[in-house]
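Residue-level listing of the chains:
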Amino acid sequence: FSLSGCRISGDGKPAKFQPPPKPVIVDKQKQREQRRFLSPEFIPPRGRTDPLKFYMERKDMIQRRKVFNIPEFYVGSILAVTTADPHANEKTSRFVGICIQRGGKGLGATFVLRNVIEGQGVEICYELYSPRIQAIEVLKLEKRLDDNLMYLRDALPEYSTFDVNMKPVSHLDYEEIPVNKLRVRMKPKPWSKRWERPKYNIKGIKFDLPEEKMKEAQKWSQPWLEFDMLREYDTSKIEEKIWKEVSEELNK
Amino acid sequence: MMPIWTKSGKRHAVTLLKVQDCHVLRYVSKEESDGKTSKLLVGGKNASPFSKSESAMEIFREAGVPRKQKVTTFNVTDDALIKPGTPLYAAHFRPGQFVDVTAKTIGKGFQGVMKRWGFKGQPASHGQTKTHRRPGAISTNKASKVYRGKKMPGKMGNVYRTSFGLKVWRINTKHDIIYVNGSVPGHKNCLVKVKDSILPTCKDYNKNPPFPTFFADGDEELPEDLYDEDIFQFTDPSVTYA
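The structure reproduced in this document is the subject of the present report. (Residues numbered from 1 in each chain as written. Chains lettered and ligands numbered in written order. Predicted model: local features only at pLDDT ≥ 70, side-chain atom pairs only at ≥ 80, totals over all residues. Heavy atoms only, no water.)

**Digging into the overall build of chain A**
Consideration 1: When its secondary structure is counted, chain A shows four helices and seven strands.
Consideration 2: Order of helices (α) and strands (β) in chain A, N terminus to C terminus: α-α-β-β-β-β-β-β-β-α-α.
Consideration 3: For 252 residues, the compact-globule formula gives about 18 Å, and the C-alpha radius of gyration of chain A, at 25 Å, lies well above that figure.
Consideration 4: Overall size of chain A, expressed as C-alpha extent along the three principal axes, is 85 × 60 × 45 Å.
Consideration 5: When the 252 residues of chain A are sorted by exposure, 35% land in the buried category.
Consideration 6: Nonlocal contacts in chain A, meaning residues at least 24 apart in sequence, comprise 64% of its contacts between residues at least 6 apart.
Consideration 7: Accessible surface for chain A amounts to roughly 16900 Å². Of this, 51% is attributable to carbon and sulfur atoms.
Consideration 8: In chain A, 47 side chains carry a positive charge and 37 a negative one; their mean positions are 2 Å apart. (Helix = DSSP H or I, 4+ residues; strand = E, 2+ residues; numbered from the N terminus. Rg over C-alpha atoms; globule rule 2.2 N^0.38 Å. Buried < 20%, exposed > 50% of the residue type's maximum accessible area, 1.4 Å probe, protein only. Contact = heavy atoms within 4.5 Å. Areas by Shrake-Rupley, 256 points an atom, 1.4 Å probe, with all protein chains shown as cover. Lys, Arg positive; Asp, Glu negative; His and termini not counted. Charge placed at Lys NZ, Arg CZ, Asp CG, Glu CD.)

**What about the overall build of chain B?**
Consideration 1: Within chain B, the secondary structure is distributed over two helices and 13 strands.
Consideration 2: Taking 2.2 N^0.38 as the reference for a compact globule, 242 residues should give roughly 18 Å; the C-alpha atoms of chain B span a radius of gyration of 23 Å, well beyond that estimate.
Consideration 3: Overall, the C-alpha framework of chain B stretches about 75 × 65 × 35 Å when taken along its three principal axes.
Consideration 4: Pairs at least 24 residues apart make up 71% of the contacts formed inside chain B by residues separated by at least 6 positions.
Consideration 5: Accessible area for chain B stands at about 15100 Å²; split by element, carbon and sulfur atoms hold 52% of it.
Consideration 6: Computed over 39 positive and 23 negative side-chain charges, the separation of the two mean positions in chain B equals 20 Å.

**Some details on the environment of Phe93 of chain B**
Residue and element names in this part refer to chain B.
Consideration 1: Within the fold, Phe93 resides in the loop between β6 (87-88) and β7 (98-104).
Consideration 2: Note on Phe93: relative accessible area 9%, which makes it buried.
Consideration 3: Sequence separation between Phe93 and Thr213 is 120 residues, and the spatial gap between their C-alpha atoms is 8.6 Å.
Consideration 4: Apart from the residues lying within four places of it in its own chain, the contact partners of Phe93 are Val99, Ile171, Ile178, Val194, Lys195 and Asp196.

**Side note on the interface of chain A and chain B**
Consideration 1: With 27 residues of chain A in contact, the opposing surface of chain B contributes 26 residues.
Consideration 2: Around 2200 Å² of area is buried between chain A and chain B when both sides are counted, 61% of it from carbon and sulfur atoms.
Consideration 3: Contact with chain B buries area across many residues of chain A, yet Met56, Asp60 and Pro131 of chain A alone supply 24% of it, more than any other trio.
Consideration 4: In this structure, the connection of chain A to chain B is made through three salt bridges.
Consideration 5: A salt bridge links Lys59 of chain A to Glu224 of chain B, with the nearest nitrogen and oxygen atoms 3.0 Å apart.
Consideration 6: Taken together, chain A and chain B are joined by 11 residue pairs in polar contact (both at pLDDT 80 or more).
Consideration 7: Those elements giving two or more residues to the side of chain A that touches chain B turn out to be α2 (51-67) and β5 (133-140) of chain A.
Consideration 8: A per-element tally of the side of chain A that touches chain B places α2 of chain A first, with 10 residues. (Buried area = accessible area lost by both parts, 1.4 Å probe. Salt bridge = Lys/Arg side-chain N within 4 Å of Asp/Glu carboxyl O. Polar contact = N/O pair within 3.5 Å; in protein donor to acceptor, adjacent residues only side chain to side chain.)

**A word on a nonpolar patch on the surface**
Residues and elements named next belong to chain B.
Consideration 1: A surface patch of nonpolar side chains, amounting to about 220 Å² of accessible area, comprises Ile138, Val146 and Met152.
Consideration 2: Along the chain, Val146 falls in the loop between α2 (113-117) and β9 (154-156).
Consideration 3: Of the residues examined, Val146 reaches a relative accessible area of 41% and is grouped as partly exposed. (Patch = residues over 30% accessible without salt bridge, like charges linked within 9 Å, V, L, I, M, F, W, Y side chains within 5 Å.)

**What to know about the packing of α2 of chain A against helix α4 (residues 236-251) of chain A**
Residue and element names in this part refer to chain A.
Consideration 1: Following both chains from N to C, one finds α2 and α4 inclined at 40°, their axes separated by 10 Å at the closest point. With respect to α4, the element α2 is oriented oblique. Considering the relative orientation of α2 and α4, their crossing is right-handed. Touching Tyr55, Arg58, Ile62, Arg65 and Lys66 of α2 are Ile242, Glu245, Val246, Glu249 and Leu250, all from α4.
Consideration 2: Per-class residue counts for the contact of α2 with α4 are five nonpolar, no polar and five charged. (Axes fitted to C-alpha atoms, helices over the stretch in contact; angles between N-to-C directions. Parallel < 35°, antiparallel > 145°, perpendicular 65-115°, else oblique. Left-handed = near helix turned anticlockwise from the far one by under 90°. Nonpolar A, V, L, I, M, F, W, Y, C, P; charged D, E, K, R; others polar.)

**Section: the environment of Ala90 of chain B**
Residue and element names in this part refer to chain B.
Consideration 1: Looking at where Ala90 falls in the secondary structure, it is placed in the loop between β6 and β7.
Consideration 2: Sequence separation of Ala90 and Ile177 is 87 residues, and the distance between their C-alpha atoms is 6.2 Å.
Consideration 3: Discounting chain neighbours no more than four positions away, the residues touching Ala90 are Val19, Ile171, Asn172, Asp176, Ile177 and Ile178.

**Concerning the pattern of salt bridges**
Residues and elements named next belong to chain A.
Consideration 1: Here the structure, examined in full by the defined rule, presents 22 salt bridges over all chains.
Consideration 2: With a closest N to O distance of 2.8 Å, Glu123 and Arg153 form a salt bridge. Of this pair, Glu123 sits in strand β4 (residues 120-127) while Arg153 is found in the loop between β6 (143-144) and β7 (179-180), placing the two residues 30 residues apart along the sequence.
Consideration 3: In this structure Glu123 comes out as partly exposed when scored by relative accessible area, which is 27%.
Consideration 4: One network of salt bridges, with partners in common, ties together Glu41, Arg65 and Arg102.

**Concerning the sheet that holds strand β3 (residues 110-117) of chain A**
Residues and elements named next belong to chain A.
Consideration 1: What the five strands build is an open sheet, ordered β4-β3-β2-β1-β5; its pairing is antiparallel. The open sheet is flanked by β4 and β5, the only strands paired with a single partner. Adjacent strand axes in the sheet meet at a mean angle of 35° when their direction is disregarded.
Consideration 2: Across seven bridges, strand β1 (residues 78-84) lies against strand β2 (residues 92-103) in antiparallel orientation. Across the sheet, residue Leu79 finds its bridge partner in β2, namely Gly97. (Pairing = 2+ DSSP bridges.)

**Focus on the sheet that holds β6 of chain B**
Residues and elements named next belong to chain B.
Consideration 1: Here we have four strands laid out as an open sheet, ordered β5-β4-β3-β6, and antiparallel in their pairing. In the strand order of this sheet, the two ends are held by β5 (71-76) and β6, each with one partner.
Consideration 2: Bridging between strand β3 (residues 22-28) and strand β4 (residues 38-43) involves five bridges; their strand directions are antiparallel. Paired with His23 across the two strands is Gly43, which belongs to β4.
Consideration 3: Relative to the sheet, helix α1 (residues 54-63) contacts β3 and β5, its axis offset from that of β3 by approximately 105°.

This is the structure in structure tokens:
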């Protein structure tokens, strides 16, 4: 018993058989290729330097990346770095911490890892391309609400403590990077910087300050800055070119 | 400026100098130059010939070379003379040599005595009336005059200065770039004169250079990059301490 004969179209005649819609197959491999990550130190800063200098630096950076794997990571991911240390017992020292800042361009690019060890907050600034680094492992790959987590210095220490023997959390290639929308609670004021002011543009703090203090902080806002055309630096085309160059060289 | 690491893991900062269209322009013999050594005029970066007078363009026409933006003289011994018109390359220097770099410093304009000469000035408060960055006293009572050369405000910068004894870490023969230790006077992309060092402690390192210069059409084939022995090359694995 089929209902095909009962199907009525607008004309009153028996309707034409319409096959069910085809299932959409999402190819995970193609999704993976679509997500490109170019490390921020490859993008040259705005200035009057000759592009040849950036080209020479990029060649050296690519050369180092061929020999030593520098994984993709963001501010807010937890890393473990082993460096060669002439004064340590086994000549290597391992440090685990959350990346709070990525600075510098070119070969001098740095990242700062923070952790609280036995009650003492420790921050170490490593150079990405230093030959003394033996290995960089990403224990947890995630992003946070801000690009700069320096406010963790004034936050409660529980937000900066990470287990030194943490197991790496697996992350599949094609999945998007998870954004940790954690809003951090701060220690009582005074802080090292006035993080409530709009110049720092921090979204990751749960401010417990009264309304008047927040309104007073907005006095220092500069709403004209986002419309300033001289400050615009559109890196999309530069990024495209550099991404092509870097991926070709690394895949050779 | 770029960082560079040695094989022991130590980090140094390095300036990149590009050798752009350098040609030898003229040979001035010992008698003409009224000195003890003969001179060679060398020209740097190419520039347009239209803004110079005909008489100034004569030197370039004789050497058969486009007009150069900068012309410098080098005191040369008689056995190191080069024919005018030969191009000079970065491979004239080798890693491990020491070099003096001369250039015009960045012009800062009319500057006060604190920035120009490093005077301490006066305190910001505690009763100072309109005196915070002034030189104070300029001479004594007994002298009853101001000595010549007294440090006073004036135009600062835009003067030729030399940094001595800079080590050459690396030479790129393909793009003609010299990697020189430390900083160099002048702004980004300014014209610079690079010479063998005159320091007595650097005499030993400057032996066996390519003499009189490196000729590109010669038989010698150099690799694209020449490194000093101590440099960490990025093709090597990471540094370890045994």
